[in-house]
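The chain contents come next:
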Amino acid sequence: MTIDDQVRAYADEAGTLYWDDHDLPQALDRLLPGIRLATEADRLDLAKPLCYNVASFCWPGWPDREEVITADQLKIGESYANENLRLAVELKRTDAGMANAHFLVGAYHFT
């Protein structure tokens, strides 16, 4: 299995855990190792979307949010929002990608 496949498997599992099971802690338990794996393999292009997901999943401001975000999860989310933006700049993402990265960082400033 390639690094791409391994990282995508982490992302897919996390998505199922978050969207279907509403289990943020377990979703984070899949995303964070996926980010480490991608980063250690110098595949920042694979790490970035997982950073975005961590930040997005941990942001308490979504209107359909049912679960309570803990203070620790909020800190994790903000940290990964900043990392997502850093990677967007480093990877020279499109305007839309940069806008999403800036939105997440800004959103955490309102929480």
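Computed from a predicted model, the values in this text were never measured in an experiment.

Looking now at the packing of aromatic side chains. On inspection of all chains with the given rule, the structure shows six aromatic pairs. On the numbers, 4.8 Å between centres and 85° between planes, the contact of Tyr18 with Trp19 is edge-to-face. What makes Trp19 exposed here is its relative accessible area of 52%. An angle of 40° between the planes, with centres 6.2 Å apart, marks the rings of Trp62 and Phe103 as tilted. Pair noted here: Trp62 is in the loop between α3 (44–58) and α4 (71–90) and Phe103 is in helix α5 (residues 95–109), with a separation of 41 residues, a long-range link. The exposure class of Trp62 is partly exposed, given its relative accessible area of 27%. Exposure remark for Phe103: the relative accessible area of 41% places this residue in the partly exposed category. One aromatic cluster is present, built from ring pairs that chain together Tyr18, Trp19 and Phe57.

Once that is clear, we can look at the environment of Pro33. The topology assignment puts Pro33 in helix α2 (residues 24–40). Along the backbone, Pro33 and Tyr52 are 19 residues apart, and their C-alpha atoms lie at a distance of 14 Å. Among residues more than four places away in sequence, those in contact with Pro33 are Tyr10 and Leu28.

Between the first and last C-alpha of helix α1 (residues 3–20) there are 25 Å, a value that for 18 residues agrees with the 26 Å anticipated at 1.5 Å per step. Taken together, the buried positions of α1 are occupied by Val7, Ala11, Ala14, Gly15, Leu17 and Tyr18. Against the buried residues of α1 lie α2 and α3.

With that settled, consider the side chain of Asn84. Structurally, the position occupied by Asn84 is in helix α4. If we ignore the near neighbours within four places in the chain, the residues touching Asn84 are Lys48, Cys51, Tyr52, Ala101 and Leu104.

Calculation rules
Residues numbered from 1 in each chain as written. Predicted model: local features only at pLDDT ≥ 70, side-chain atom pairs only at ≥ 80, totals over all residues. Heavy atoms only, no water. Phe/Tyr/Trp six-rings, centres within 6.5 Å; stacked < 30°, edge-to-face > 60°. Buried < 20%, exposed > 50% of the residue type's maximum accessible area, 1.4 Å probe, protein only. Helix = DSSP H or I, 4+ residues; strand = E, 2+ residues; numbered from the N terminus. Contact = heavy atoms within 4.5 Å. Expected span 1.5 Å × (residues − 1).

As far as function goes, none of this settles anything; it's purely spatial.
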